Amino acid sequence: MKDSVLLQDTVYIHRFSLNPVEGEIVNMTNKQLYSAHQDSIRDVVRYSGDLRPFNLEQVDGIFCLLLLCLFLFTYIYSGGLSFLKESISYLFTPVKASRIHNQTTSREMIYSYILIFQSVVLSAICIYDVFVEYESSVQSNSKAFLTIVTFIVAIALFFGIKDFIYKLIGYIFNQKKAMNSWRRMHMVSIEVLGILYFLPTLLLIYSNFYHTEILILILILFLIVQITLFYQIIVFFIGQKFNFLYLIAYLCTFEILPYVYLAIGLIQLYRTDVFNTLL
């Protein structure tokens, strides 16, 4: 018995023994199991998720723009839809359209500029949505709102330059009265687009279905308005007895090619991402 006590290893401490000095239970096995369990929990929690696809409804700036358009729309048409009916009738009535420049009041001009602004904003949002969905070579950037603002500035400059060219043509060819009426007609066409684009744009941003059909509808509305403008131009050229080749040259130079250049410019703005490059 004495030999067995002497031969016992005094350094060895059993893993489940009680330490009489510190009063602690040394249980290394349970500690190791607990540590392994915690590591397994961390391994489960730390996984890489999929990035949520970009959508314009996530951009707060676009919501603010649409809300502003809604307030402007309700402000203009709070008294009724007579202004809308008159604007649409101007596009389909050449005789009435020739008199609208002199009969327009200051209040109607303010309404016109508000609707033109709304049309530019909605057009910029729709064009950006087209690029996000169908321009697969470029990922949607984190500064979508700033890019849309550049689109708004570019489209506004485009319409401003076109209006200046119309005015310049009137001075050059001594057709001031006719070109003033035509400038007013061009403004009315943009106003009508600002009215017609509002609901399709809302569906395009906040609906997850039928985006292609909505974009086709927006394109059809644009083509209908442009066809009515071409009709007014043809009536004017026939009334002035100009050569038919002059009509084709005018349509291609001032009514078709500028939109092609505008589309190319917007594509380049989207691909270069000006704000991300500068900032």
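Position labels on residues start from 1 in each chain and follow its written sequence. A pLDDT threshold of at least 70 governs which residues receive local features in this predicted model, and a stricter bar of 80 or more applies before side-chain atom pairs are shown or counted, although totals over entire chains, interfaces and linings include all residues. Side-chain measures were taken over the full set of non-hydrogen atoms in the model, leaving aside hydrogen atoms and water.

**Q** For the packing of aromatic side chains, give the residues involved together with the corresponding values.
**A** To describe a pair of aromatic rings, you give the distance between the ring centres and the angle between the ring planes. Planes of paired rings set the category: under 30 degrees apart is stacked, over 60 is edge-to-face and the rest tilted, where pairs are Phe, Tyr or Trp rings (Trp by its six-membered ring) whose centres lie within 6.5 Å. Tallied over the full model, the rule gives 12 aromatic pairs. Seen from their ring centres, Phe131 and Phe151 are 5.9 Å apart, and the 85° between their planes marks the pair as edge-to-face. Of this pair, Phe131 sits in helix α7 (residues 106-134) while Phe151 sits in helix α8 (residues 144-172), placing them 20 residues apart in sequence. Per residue, the accessibility class of Phe131 equals that of Phe151, and both read buried. Put simply, DSSP marks the helices as runs of H or I at least four residues long and the strands as runs of E at least two long, and each gets a number from the N terminus on. Per-residue accessibility, obtained with a 1.4 Å probe over protein chains only, is compared with the maximum for each type, and a residue is labelled buried under 20%, exposed over 50%, and partly exposed between these values.

**Q** Let's hear about a nonpolar patch on the surface: which residues, and what values?
**A** A cluster of nonpolar side chains, contributed by Phe63, Leu67, Leu70, Phe71 and Tyr206, occupies part of the molecular surface with about 450 Å² of accessible area. Here the element with the most residues in the nonpolar patch is helix α3 (residues 60-76); it accounts for four residues. You can see Phe63 is positioned in helix α3. With relative accessibility at 46%, the residue Phe63 sits in the partly exposed group. Only residues above 30% relative accessible area that lack a salt bridge enter a patch, with like-charged residues linked at up to 9 Å and the nonpolar side chains Val, Leu, Ile, Met, Phe, Trp and Tyr linked at up to 5 Å. Only the protein chains shown count as cover for residues, and the accessible areas themselves come from Shrake-Rupley with a 1.4 Å probe. For salt bridges, the criterion is a side-chain nitrogen of Lys or Arg within 4 Å of an Asp or Glu carboxyl oxygen.

**Q** I'd like a description of the nonpolar core, backed by residues and values.
**A** We call a set of buried residues a nonpolar core when its members are Ala, Val, Leu, Ile, Met, Phe, Trp, Tyr or Cys and they connect through side-chain atoms within 4.5 Å of each other. Judged by nonpolar contacts, the single largest core of 53 residues is most densely connected at Ile125, Ile148, Trp182 and Tyr250. Of all the secondary-structure elements, those providing two or more residues to this core are α3, α4 (82-92), α7, α8, α9 (176-196), α10 (198-206), α11 (211-240) and α12 (244-272). Counting residues in each nonpolar core, the second largest holds eight residues, with Leu72, Tyr111, Leu115 and Ile195 among its members.

**Q** Tell me about the packing of α8 against α12, and name the residues and values.
**A** Simply put, an axis is a line fit to the C-alpha atoms, just over the touching stretch for a helix, and the angle between two N-to-C directions goes from 0 to 180 degrees. Contact geometry of α8 with α12 gives a least axis separation of 11 Å together with a crossing angle of 160°. Our classification of the angle between α8 and α12 gives roughly antiparallel. The chirality of how α8 crosses α12 is right-handed. On the side of α8, the interface is formed by Thr150, Phe151, Ala154, Ile155, Phe158, Phe159, Lys162, Ile165, Tyr166 and Ile169, while α12 contributes Tyr250, Phe254, Glu255, Pro258, Tyr259, Leu262, Leu266, Leu269 and Tyr270. Amino acids outside the nonpolar list (Ala, Val, Leu, Ile, Met, Phe, Trp, Tyr, Cys, Pro) and the charged list (Asp, Glu, Lys, Arg) are all regarded as polar, and Gly is one of them. Split by residue class, the contact of α8 with α12 holds 16 nonpolar, one polar and two charged. An angle counts as roughly parallel when it lies under 35 degrees, as roughly antiparallel when it exceeds 145, as roughly perpendicular when it falls between 65 and 115, and as oblique in every other case. Should the near helix be turned anticlockwise from the far one by less than a right angle, the crossing is left-handed, and should it be turned clockwise, the crossing is right-handed. In what follows, a contact means two residues having at least one pair of non-hydrogen atoms within 4.5 Å.

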